[in-house]
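Results of the structural survey
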Amino acid sequence: MIALLSVYVDLALGVVLAFLLLSLLVSGVNEAFVRLLAIRSKFLWAFLRDTLDGSDAQGRSWLPAGVRDVFAALPFARDPRPPHSDQPAPAEAATVPAQESKAQDAVTNLLYQRVREIDHPTRGRTSIANLPPGRFAGAVLEMAAAEEGGVDGLLAKLKSMGSPLHGHLKGVWESAQRDLDRFRQGVESWFDGEMHRLSMLYKRYVKWVLAALGLVVTLLFTMDGLEYGKTLLRDNAFRASVTAVTEVGPDAYDELRARCERSDPVPCITETLSQPALVKVFDHAIVSVSVPAEGDPAVHWNGAAWWDRLTTPSHWPGYLLTYVALMFGAPFWWDVLRRITGIRSRHHG
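Predicted, not measured: the structure shown is a model, and the values here were computed from it.

What follows concerns the confidence of the model for the protein. Put simply, the protein has an average pLDDT of 78, and 77% of its residues get 70 or more. Contacts for the low-pLDDT stretch residues 245–256, under 50 throughout, to residues beyond four places or in other chains number 17 contacts. Taken together, the stretch residues 345–349 has pLDDT below 50 and engages in 5 contacts with residues farther than four places along the chain or on a different chain.

Pasting the structure below:
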């Protein structure tokens, strides 16, 4: 009974490791794409432009209206980020113009002027992708201090120039009963809520992208989850080599537990890619990797065999299983792996 239980534990560990590695690949490709195109920063500044100055000169919203706009129009068509400046913020904020054309983006540029000390350039544009609510509230108060009449003067100008920010700040100002401390706290709370809403919107778009990447990874690697599980069950040597991320012994998972509980999970687990058995997860990819016992790893073009495998209907249920598994994401599979092996985070003791 104990031996049978050990087989199924090894099976679970092997399958979970495979799904974790593929999930990490999906997340890594997505993160590389997001960083390369500065999607987070553009998403933030698109929201700020809509909130501070309204639509663009053609009457279009800066914030994307769908997945296609987030990962096609936003990165390549219109860049909502202000140009980078390596100068510190001026000692005093400039005043808001009484009127502006849609092409000026006056309030957005004034806000950037107050926060640009936390910036560094990305191809000539600001790289700020996260604006703390306290910093935003401080910038609003600095802008108000530059106006005759303070907050009331700022609100009057925002109203005359048609800025959507006027309605938000007016409500906060009235709720604070014209008390500056309460107004600052109110602006922080409002902006923090808007950032949370924006983050949820961004994650909703990213889920669609991760779903597309998961499908691409599943098909490129033709990873049949059912077939892989059967191989682990039937081939004792293969199963043992997969689960040999730890040393085989009475405490089979001690090495993995000791190595991973004191380090970040991603670097720790991706070390297992050097295990020849786990490289076999990618054996059926359009480009496969072989790791001989001696010598250097080799890469092989596997196009004909890959296409034959991809178009074989008997593999499709396994592809579906793998695709659904990847949709749970790397954090889910890391948590499952921790539960199987007994790994605990440092703060759990």
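We are not done yet, so read on.
So, about helix H4 (residues 106–115). Across the 10 residues that make up H4, a large majority, 9, are buried. Along H4, the residues classified as buried are Ala 106, Val 107, Thr 108, Leu 110, Leu 111, Tyr 112, Gln 113, Arg 114 and Val 115. Against the buried residues of H4 lie helix H2 (39–52), strand S2 (125–126), helix H5 (133–145), helix H6 (150–160) and helix H7 (165–175).

In total, this model carries 12 salt bridges according to the counting rule given. Residues Arg 35 and Glu 31 are paired through a salt bridge, measuring 2.7 Å at the closest nitrogen-oxygen approach. Separated by 4 residues within a single helix, Arg 35 and Glu 31 lie in helix H1 (residues 2–36), roughly one turn from each other. For Glu 188, the salt bridge identified is with Arg 184, shortest N-O distance 3.7 Å. You can see Glu 188 and its partner Arg 184 sitting in helix H8 (residues 180–221), 4 residues apart, about one turn around the helix. Judged by relative accessible area, Glu 188 falls into the partly exposed class, the value being 28%. Here the residues in one salt-bridge network are Asp 152, Lys 170, Glu 174 and Arg 178, joined through shared partners.

Next up on the list: a nonpolar patch on the surface. A cluster of nonpolar side chains, contributed by Leu 320, Val 324, Phe 328 and Phe 332, occupies part of the molecular surface with about 380 Å² of accessible area. Following the sequence through the fold, Val 324 ends up in helix H15 (residues 316–327). Given the relative accessible area of 41%, Val 324 is considered partly exposed.

This part covers the nonpolar core. Residues Leu 48, Leu 111, Phe 136, Leu 169 and Phe 183 are the most contacted members of the largest nonpolar core, which totals 49 residues. Val 15, Val 209, Tyr 228 and Leu 326 belong to the second largest nonpolar core, which has 26 residues in total.

With the rule as written, the count across this model stands at 12 aromatic pairs. With a centroid separation of 6.2 Å and 55° between ring planes, the pair formed by Trp 190 and Phe 191 is classed as tilted. The exposure class of Trp 190 is buried, given its relative accessible area of 16%. An aromatic cluster is present here, built from Phe 19, Phe 328, Phe 332 and Trp 333 joined pairwise through their rings. Note that Arg 49 overlies the ring of Trp 62, its terminal NZ or CZ placed 5.2 Å from the centroid.

Rules behind the numbers
- Residues numbered from 1 in each chain as written.
- Predicted model: local features only at pLDDT ≥ 70, side-chain atom pairs only at ≥ 80, totals over all residues.
- Heavy atoms only, no water.
- pLDDT = per-residue confidence, 0-100.
- Contact = heavy atoms within 4.5 Å.
- Buried < 20%, exposed > 50% of the residue type's maximum accessible area, 1.4 Å probe, protein only.
- Helix = DSSP H or I, 4+ residues; strand = E, 2+ residues; numbered from the N terminus.
- Salt bridge = Lys/Arg side-chain N within 4 Å of Asp/Glu carboxyl O.
- Patch = residues over 30% accessible without salt bridge, like charges linked within 9 Å, V, L, I, M, F, W, Y side chains within 5 Å.
- Areas by Shrake-Rupley, 256 points an atom, 1.4 Å probe, with all protein chains shown as cover.
- Core = buried A, V, L, I, M, F, W, Y, C linked by side-chain atoms within 4.5 Å.
- Phe/Tyr/Trp six-rings, centres within 6.5 Å; stacked < 30°, edge-to-face > 60°.
- Lys NZ or Arg CZ within 6 Å of the ring centre and 35° of its normal.

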